[in-house]
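# Understanding the architecture of this molecule
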Amino acid sequence: HRDLHSFPTRRSSDLNQLPGLERIREDSQDLAAAFRDAGFSLYAVGGCVRDAFMSDASSLDVDYTTNARPDDILRLLRPLCTATWDMGRAFGTIGGQLAATNRKVEITTFRSEAYSDSSRKPEVIFGDDLMVDLRRRDFTINAMAFDVIEPQLIAPEGALSDLNARILRTPTDPRVLFTDDPLRMLRAARFMSRFEFDIDPDVEAAAQELSERLTIVSAERIRVELDLLLMTERPSLGLDFIVRTGLAEHFLPELPGLALEQDPVHHHKDVLTHTYAVIEKVRRVTDSTETEPEGRSNLVVRLAALFHDVGKPKTRAFTEKGVTFHGHDHVGARMTKKRMAALKYSQQMIDDVAKLVELHLRFHTYAMGWSDAAVRRYVRDADHLLDELNELTRCDCTTRNRRKAQELDRRMNELEARIAELREREDLDSQRPALTGDQVMSILGITPSRAVGEALNFLLAIRHEEGEISEAEATSRLLAWWSSRTTP
């Protein structure tokens with residue numbers, strides 16, 4: 001793989017048709033003037049430059065690089081900012097919030113990096129050469145810089161053609177880059193999914209060869225990359241990459257295991273392909289609201305889609321009627337908890353995703369005829385995840401049989417309508433006994449004991465089966481129940 005021996009430049013006159021770069025230049029005028037007057041260079045670099053070629057860059061986060069050292073960066077930023085921060089000083093990075101635009105910026109000194117075999121944390125060496133700084137970056141599309149003082153583009157050989165061809169390639173030998181920082185292999189998966197790029201065969205071969213190197217990366221960093229991958233437009237592209245290169249074996253071995261299992265419901269697909277399809281049917285964000293105008297991340301449902309069938313390999317059985325996976329929902333929920341704990345997810349996220357996995361088959365008994373009590377139990381068990389469970393259930397239908405898909409959609413619409421009707425008649429979301437524990441003790445004349453809990457469970461069963469009843473009715477039935485317990 002050729003080294004980064006040349007960086008072609010394009011002058012500002014060549015870039016007039018790129019509103020993204022023009023926006024970066026306009027937003028950078030005050031910074032550019034300050035660094036120019038102090039005798040330093042300043043370049044917008046990385047993702048913001050890449051995205052300027054792919055969008056209008058109307059809301060880009062801009063990162064900069066410079067030959068100024070951290071102390072000089074801080075000195076130049078302070079007059080222009082309402083606040084500055086230097087948590088990344090050891091790596092040459094100073095941040096600030098610009099007073100003129102209220103925009104946050106980070107500026108990093110040119111640097112080179114030296115890595116040890118056992119860590120992805122580099123020894124940072126500050127430098128004065130932009131080209132050396134760009135050589136350390138992961139992919140050609142991320143190794144472009146835009147001079148905001150003397151507007152011109154500096155790009156590694158092939159970067160623009162890689163963008164046009166929609167291919168992911170490294171600016172230097174991928175084996176060196178991936179050995180230095182194995183997390184770059186997961187970043188490759190994410191960029192493939194985000195931009196729907198193909199990957200250079202040499203880059204994929206390097207990832208396959210070095211997949212075990214991923215074991216030096218912390219679970220927390222892997223989790224972050226997995227989440228970012230799952231929230232792209234086409235996560236199947238990146239997920240398939242980590243499976244076929246062997247990367248998944250080192251942090252998500254349940255995923256490649258699904259390729260071996262034939263799904264009897266969606267028999268035209270193996271379970272792995274079905275899983276990809278379900279993930280991509282799940283919305284990336286929920287509908288907007290007044291408090292969240294841009295919607296809310298739907299990561300919990302995409303994670304549930306990722307894990308919803310992981311129990312199938314362990315529950316596969318061959319019968320006269322074909323292959324079955326009885327209990328894979330409960331087995332899968334336990335496996336989900338274990339894997340997500342290993343990846344350092346929060347306990348709340350683990351509990352929510354595991355609950356969705358455990359309940360994802362519940363709806364399929366609806367066709368047998370659910371009473372109102374069964375609908376109440378469904379709502380009670382789903383709790384705050386009711387909407388998420390319904391979405392996962394809908395997305396789990398990937399059949400190409402139009403009639404079957406329409407029938408499932410009809411039944412789900414009917415169930416949601418029944419839930420809405422019950423909500424109008426009763427407080428469906430707070431299914432509590434009609435009496436409190438204190439009231440039970442007062443009515444029965446007892447002190448705190450196991451009997452109080454049994455009485456509350458009796459009243460709760462009435463709530464689930466019959467809906468809300470009055471306190472008077474509850475009192476009458478509680479006394480009758482108590483009398484039947486104490487009568488010889």
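Residue positions are counted from 1 within each chain, in the order its sequence is given. Under the rules for a predicted model, residues below a pLDDT of 70 receive no local features and side-chain atom pairs below 80 are neither given nor counted, while totals for whole chains, interfaces and linings still include all residues. Values reported for side chains reflect all heavy atoms of the structure, with hydrogen atoms and water molecules removed beforehand.

Once that is clear, we can look at the overall build of the protein. Helix and strand definitions here come from DSSP, where helices need a minimum of 4 consecutive H or I residues and strands a minimum of 2 consecutive E residues; each element is numbered from the N-terminal end. Per the secondary structure count, the protein includes 23 helices and 14 strands. Think of it in three bands: with a 1.4 Å probe and only protein chains considered, a residue is buried below 20% of the maximum accessible area for its type, exposed above 50%, and partly exposed in between. Burial statistics for the protein: of 488 residues in total, 49% are counted as buried. Contacts between residues were defined by any pair of non-hydrogen atoms, one from each residue, lying within 4.5 Å. Across the protein, contacts joining residues at least 24 apart in sequence account for 67% of those joining residues at least 6 apart.

It is at 10 Å that the axes of helix H14 (residues 299-307) and helix H19 (residues 386-395) come closest, and there the two elements cross at 45°. Viewed along their axes, H14 and H19 adopt a mutual orientation that is oblique. Handedness of the H14/H19 crossing: right-handed. When H14 is examined against H19, the residues Val 300, Val 301, Ala 304 and Ala 305 are found in contact with a partner set consisting of Glu 388, Glu 391 and Leu 392. Classifying every residue of the contact of H14 with H19 gives five nonpolar, no polar and two charged. Between N-to-C directions, angles span 0 to 180 degrees; the directions come from axes that are lines fitted to C-alpha atoms, helices contributing only their stretch in contact. Should an angle fall under 35 degrees it is called roughly parallel, over 145 degrees roughly antiparallel, and 65 to 115 degrees roughly perpendicular, with every other angle called oblique. Two helices that cross are described as forming a left-handed crossing if the nearer one is turned anticlockwise from the farther one by less than a right angle, and a right-handed crossing if clockwise. The nonpolar class holds Ala, Val, Leu, Ile, Met, Phe, Trp, Tyr, Cys and Pro. Asp, Glu, Lys and Arg form the charged class, and all remaining residues, Gly among them, are polar.

On to the pairing of strand E3 (residues 63-66). Along any regular strand, the residues point their side chains to alternate faces of the sheet. In terms of strand pairing, strand E2 (residues 43-45) meets E3 through three bridges, oriented antiparallel. Bridged to Val 45 within E3 is Asp 63. A pair of strands is considered paired only if DSSP assigns at least 2 bridges between the two. Where E3 meets strand E6 (residues 104-109), four bridges bridge the pair, whose relative direction is parallel. Bridge pairing in E6 places Tyr 64 opposite Ile 107.

Most of H14 sits inside the fold, with nine of its nine residues counted as buried. Inspection of H14 places Leu 299, Val 300, Val 301, Arg 302, Leu 303, Ala 304, Ala 305, Leu 306 and Phe 307 among the buried residues, and these make up the whole buried set.

Right, let's get into the packing of helix H8 (residues 183-195) against helix H10 (residues 219-230). The interhelical angle for the contact between H8 and H10, taken along N-to-C directions, is 10°, at an axis separation of 9 Å. When the axes of H8 and H10 are compared, the pair comes out roughly parallel. In contact with Leu 183, Leu 186, Arg 187, Ala 189, Arg 190 and Ser 193 of H8, H10 contributes Arg 221, Ile 222, Glu 225, Leu 228 and Leu 229. Classifying every residue of the contact of H8 with H10 by side-chain character gives six nonpolar, one polar and four charged.

The way to describe two aromatic rings as a pair is by their centre distance and the angle between their planes. Pairing of aromatic side chains requires ring centres within 6.5 Å, counting the rings of Phe and Tyr and the six-membered ring of Trp. Pairs whose planes differ by under 30 degrees are stacked, by over 60 edge-to-face, and all others tilted. Using the criterion set out here, one finds nine aromatic pairs in the structure. Between Phe 139 and Phe 191 the ring centres are 6.0 Å apart and the planes differ by 85°, which places this aromatic pair in the edge-to-face class. Here Phe 139, found in the loop between helix H5 (130-135) and strand E9 (145-147), pairs with Phe 191, found in helix H8; they are 52 residues apart in sequence, far enough to count as distant. Residue Phe 191 is classed as buried on the basis of its relative accessible area, which comes to 3%. Between Phe 191 and Phe 195 the ring centres are 6.0 Å apart and the planes differ by 10°, which places this aromatic pair in the stacked class. Remark: Phe 195 and Phe 191 occur in helix H8; sequence separation between them is four residues, near one turn of the helix. In this structure Phe 195 comes out as buried when scored by relative accessible area, which is 8%. Each member of the aromatic cluster is reached from another via a ring pair, and the members are Phe 139, Phe 191, Phe 195 and Phe 197. Criterion for a charge above a ring: Lys NZ or Arg CZ within 6 Å of the ring centre, and within 35 degrees of the ring normal. Sitting above the plane of the Phe 191 ring, Arg 190 keeps its charged end 5.1 Å from the centroid.

Moving on, we get to the side chain of Arg 111. Relative to the assigned elements, Arg 111 resides in strand E7 (residues 111-114). Accessibility expressed as a relative area gives 13% for Arg 111, which makes it buried. Identification of polar contacts relies on pairs of N or O atoms within 3.5 Å, with a donor-acceptor requirement for protein atoms, meaning one able to donate a hydrogen and the other able to accept it, and with residues adjacent in sequence counted only if both atoms are side-chain atoms. For Arg 111, the side chain forms a polar contact with the main-chain oxygen of Phe 91, separated by 2.6 Å. Excluding residues that lie within four positions of it along the chain, Arg 111 makes contacts with Phe 91, Thr 93, Val 124, Ile 125, Phe 126, Gly 127, Val 132, Asp 133 and Arg 136.

It is worth spelling out the environment of Met 231 at this point. Its place among the elements puts Met 231 in the loop between H10 and helix H11 (235-244). On the accessibility criterion, Met 231 (17% relative accessible area) is buried. Separated by 37 residues in the primary sequence, Met 231 and Arg 194 have C-alpha atoms spaced 8.6 Å apart. Once you skip the residues sitting within four places of it in the chain, Met 231 turns out to touch Arg 284, Ser 297, Asn 298, Leu 299 and Arg 302.

Attention now goes to the pattern of salt bridges. Whenever Lys or Arg places a side-chain nitrogen within 4 Å of a carboxyl oxygen from Asp or Glu, that contact is recorded as a salt bridge. Scanning the entire structure with this criterion turns up 37 salt bridges. Arg 25 serves as the salt-bridge partner of Glu 22, at 2.8 Å between the closest nitrogen and oxygen. Taken as a pair, Glu 22 and Arg 25 lie in helix H1 (residues 19-27) at a separation of three residues, close to a single helical turn. Each member of the salt-bridge network shares a partner with another, and the members are Asp 173, Arg 175, Asp 202 and Glu 209.

Moving on, we get to the environment of Asp 200. Inspection of the secondary structure assignment puts Asp 200 in the loop between strand E12 (198-199) and helix H9 (201-209). Residue Asp 200 is classed as buried on the basis of its relative accessible area of 13%. C-alpha separation for the pair Asp 200 and Ile 167, spaced 33 residues apart in sequence, amounts to 6.4 Å.

Bringing the confidence of the model for the protein into the picture now. For every residue, the predictor reports its confidence as pLDDT, a number between 0 and 100. On average, residues of the protein score 87 in pLDDT, and 89% of them reach the 70 mark or higher. When the elements of the protein are averaged for pLDDT, strand E1 (residues 9-11) gives the smallest value, 52, and H14 the largest, 98. Predicted confidence for residues 1-6 stays below pLDDT 50, and this span has 24 contacts to residues more than four positions away or in other chains.

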